[in-house]
Amino acid sequence: MSTQSKKVAIVTGGGSGIGLAIAQKFAAEGITTIIVGRDQEKLNNALSEIGENCHAMTCDLANLAGIPAFVEEILKLFGQVDILVNNAGINMKKDFTEVTDEDFLQVINTNVCAVFTLSREVVKHMQSRKTGSIINISSMAAQYGLPRVIAYSASKSAIDGMTRAMASELSPMGIRVNAIAPGFIETAMTAKAFNSDPARRDKALGRTPMGYMGKPEDIGDAAVFLASDSAKYITGVVLPVDGGNSIGF
Ligand code: NDP
């Protein structure tokens, strides 16, 4: 039996793409995995794909005021939370001058504020047990100047900064905080961008030393490692899982 098998994990955005792959890997390790999203049907489909050890709960994380009660409900149902994966995120592609204040705030609210509020509520619980692992899903958009994703880039840079600040403050409580920065991964998010613009796909792959797109499972494997005791001396890192993209090829 895996050493992770008694653990409980929350994976936000676990109904699709990268979150679904992370949830699949966790559940296969015997971790009780709670996937969170807004769309019940999407979550139900994910549940039937994952099978054992997985549960679904709906929550619109952009409604920050609802998060404390949501975490209370999880604790009432599952008793503990050992792992939190802040994966839910939205992107918005628009020319710089077309981005409204509302657009900008919407992305920051989901990608940054919800990560903070959910982490704070979970940490209140984790600190009493003196153990926990938080994994934030960043992006290489935090490091590179990508066009037409101003709010998304700002949000992912904020994630990297928050990861380091949380890691330093929460270490004495036995809580590790790391981030994963995926490169080009085959999900609905990238299909939308690349299917309509194959030249963009070729350019992206041209910048990737390994020459092909990653799979959501590649991020799942990294999350399993970071959540495990094998990573017990690792905190505050932003781990690129990107086929070498971050080398600056
Ligand atoms: P998806 O769109 O497939 O997944 C995003 C998930 O977030 C959905 O399942 C969605 O569920 C959930 N979500 C969005 N808003 C909310 C909300 N307000 N409350 C609760 N859940 C929400 O995208 P990916 O799997 O591609 O992306 C996952 C993460 O990986 C994101 O943070 C993204 O920025 C990051 N990433 C992705 C890359 C890629 O190449 N695909 C590259 C770099 C980073 P629902 O609709 O049910 O609410």
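Residues numbered from 1 in each chain as written. Predicted model: local features only at pLDDT ≥ 70, side-chain atom pairs only at ≥ 80, totals over all residues.

A. Structural detail: the nonpolar core. In terms of nonpolar packing, the biggest core is built from 63 residues, with Ala23, Ile180 and Ala223 touching the most fellow members. Not counting residues within four places of it along the chain, the set of residues in contact with alanine 23 comprises Val11, Gly14, Thr33, Ile35, Ala46, Ile50 and Cys54. (Core = buried A, V, L, I, M, F, W, Y, C linked by C-beta atoms within 7 Å. Buried ≥ 20, exposed ≤ 12 C-beta atoms within 10 Å, placed from the backbone. Contact = placed C-beta atoms within 7 Å.)

B. Seen up close, helix H8 (residues 216-227). For H8, which comprises twelve residues, the first-to-last C-alpha distance of 17 Å matches the rise-based estimate of 16 Å (1.5 Å per residue) to within 8%. Taken as a whole, H8 has its buried residues at Asp218, Ile219, Gly220, Ala222, Ala223, Val224, Leu226 and Ala227. Those residues of H8 that are buried lie in contact with helix H1 (17-28), strand S4 (83-86), strand S5 (132-137), strand S6 (175-182) and strand S7 (238-241). (Helix = DSSP H or I, 4+ residues; strand = E, 2+ residues; numbered from the N terminus. Expected span 1.5 Å × (residues − 1).)

C. Summary view of the site of the ligand. Around the ligand sit 30 residues in total, of which Gly13, Gly17, Gly37, Arg38 and Gly89 are the nearest. Of all elements in the fold, only H1, strand S2 (32-37) and helix H6 (188-195) reach the threshold of two or more residues within the shell around the ligand. Its residues placed into classes, the shell around the ligand shows 13 nonpolar, 13 polar and four charged. (Near = placed C-beta within 6 Å. Nonpolar A, V, L, I, M, F, W, Y, C, P; charged D, E, K, R; others polar.)

D. Broad picture of the environment of alanine 231. Structurally, alanine 231 is set in the loop between H8 and S7. The class for alanine 231 is partly exposed, based on 18 C-beta atoms found within 10 Å. The spatial distance from the C-alpha of alanine 231 to the C-alpha of arginine 176 is 9.2 Å, given a sequence separation of 55 residues.

E. Examining the sheet that holds S6 more closely. The parallel open sheet is built from seven strands, whose spatial order is S3-S2-S1-S4-S5-S6-S7. Each of the sheet's edge strands pairs with one partner strand only, and the pair in question is strand S3 (54-58) and S7. Averaged over all neighbouring strand pairs, the angle between strand axes comes to 20°, with direction disregarded. Here S6 pairs with S7 via four bridges, running parallel. Bridging across to S7, alanine 181 finds its partner in proline 240. Lying on the sheet, H1 is in contact with strand S1 (8-12), S2, S3, S4, S5 and S6; it crosses S1 at an angle near 170°. Packed on one face of the sheet, helix H5 (residues 150-170) meets S5, S6 and S7 and runs near 160° to S6. (Pairing = 2+ DSSP bridges. Axes fitted to C-alpha atoms, helices over the stretch in contact; angles between N-to-C directions.)

F. Region of the structure containing the packing of helix H4 (residues 101-129) against H5. Two elements in contact, H4 and H5, have axes separated by 9 Å at closest approach and are oriented at 15°. On the basis of their axis angle, the class for H4 and H5 is roughly parallel. Note that H4 runs across H5; the crossing there is right-handed. Residue-level inspection shows Asp103, Phe104, Val107, Ile108, Asn111, Val112, Val115, Phe116, Ser119 and Val123 of H4 in contact with H5, the latter providing Ala151, Tyr152, Ala154, Ser155, Ala158, Ile159, Met162, Met166 and Leu170. Taken together, the residues of the contact of H4 with H5 sort by class into 15 nonpolar, three polar and one charged. (Parallel < 35°, antiparallel > 145°, perpendicular 65-115°, else oblique. Left-handed = near helix turned anticlockwise from the far one by under 90°.)

G. Examining the pairing of S6 more closely. Counting buried positions over the eight residues of S6 gives eight, a clear majority of the element. Burial of S6 is two-sided: the residues Ile175, Val177, Ala179 and Ala181 facing one way and the residues Arg176, Asn178, Ile180 and Pro182 facing the other way are all buried. Relative to S6, S5 is paired through six bridges, and the arrangement is parallel. Bridge pairing in S6 places serine 133 opposite arginine 176. At this point the chain moves from S5, through H5, to the parallel S6, and the crossover so formed is right-handed. (Right-handed = clockwise from strand over helix to strand, strands pointing away.)

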